Amino acid sequence: MKNLKLFYSALPVLVILSAVNNFTIYAQQNNLTIRVDPSRVTLNVGDSITLRAQVIDQNGSEIKDRTIIFFSQSGKALLVDREGKILAGLPGSHKITVMSPGSNNNYAKITYTVNVNFS
């Protein structure tokens, strides 16, 4: 029988806000940070936007060639593809998960909120 190891991290999330009109989210977990720009999105039904995300190491340097995945469980209310393009389908406040998979202490994940208004 093989030994199984389970890892669970409930590390706090660090949010840093910059300049009044240009916010960036930094979510730190397992010595990695995911930076999403823009940090706040409000769309009208039918609008779309593409989020940009980077994985940042503990020294503040971008880690190139990291896989970043975007997904939502909002169904047709908010469509998002794996590259971060969002299409607003229904009004409301919708959650997107942004993650960079990895093993043990080499992953990062945040939850991102998108607000959708009637057009």
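From a predicted model like this one, the values you see are computed outputs, not experimental measurements. (Residues numbered from 1 in each chain as written. Predicted model: local features only at pLDDT ≥ 70, side-chain atom pairs only at ≥ 80, totals over all residues. Heavy atoms only, no water.)

A.B. asks: Is there a simple way to think about the side chain of His94 in this case?
C.D. replies: Turning to its location among the elements, His94 is positioned in strand S9 (residues 92-100). Look at His94 and you get buried, because its relative accessible area is 8%. Engagement of the side chain of His94 in a polar contact is seen with the backbone oxygen of Leu90, the distance being 2.9 Å. Aside from chain neighbours lying at most four places away, what touches His94 is Ser74, Ala77, Leu78, Tyr112, Thr113, Val114 and Val116. (Helix = DSSP H or I, 4+ residues; strand = E, 2+ residues; numbered from the N terminus. Buried < 20%, exposed > 50% of the residue type's maximum accessible area, 1.4 Å probe, protein only. Polar contact = N/O pair within 3.5 Å; in protein donor to acceptor, adjacent residues only side chain to side chain. Contact = heavy atoms within 4.5 Å.)

A.B. asks: Explain the sheet that holds strand S3 (residues 41-44) here, please?
C.D. replies: Within a beta sheet, neighbouring strands are joined by backbone hydrogen bonds and run either parallel or antiparallel to one another. What the 4 strands build is an open sheet, ordered S3-S10-S9-S6; its pairing is mixed. Every other strand in the sheet has two partners, leaving S3 and strand S6 (69-72) as the edge strands with one partner each. For this sheet the average axis-to-axis angle between neighbouring strands, irrespective of direction, equals 30 degrees. Relative to strand S10 (residues 108-117), S9 runs antiparallel, the two being bridged by 9 bridges. Bridge pairing in S10 places Thr97 opposite Thr111. (Pairing = 2+ DSSP bridges. Axes fitted to C-alpha atoms, helices over the stretch in contact; angles between N-to-C directions.)

A.B. asks: Explain the confidence of the model for the chain here, please?
C.D. replies: Predicted coordinates in areas of low pLDDT are best not read in detail. For the chain, mean pLDDT is 79; residues scoring 70 or higher make up 75% of the total. Contacts from residues 1-23, a stretch scored under 50 in pLDDT, to residues over four places away or in other chains number 26 contacts. (pLDDT = per-residue confidence, 0-100.)

A.B. asks: Sorry if this is basic, but what is going on with the pattern of salt bridges here?
C.D. replies: When the charged atoms of two side chains lie near each other, side chains of opposite charge can form a pair. Counted according to the given criterion, the structure contains 2 salt bridges. Of the charged contacts in the structure, one is a salt bridge between Asp37 and Arg52, with a shortest N-O distance of 2.7 Å. Taken together, the residues Asp37 in strand S2 (residues 32-37) and Arg52 in strand S5 (residues 52-56) connect sequence positions 15 residues apart. Its relative accessible area of 22% is what places Asp37 among the partly exposed residues. Among the salt bridges present, the one from Lys64 reaches Glu62, with a minimum N-O distance of 3.4 Å. (Salt bridge = Lys/Arg side-chain N within 4 Å of Asp/Glu carboxyl O.)

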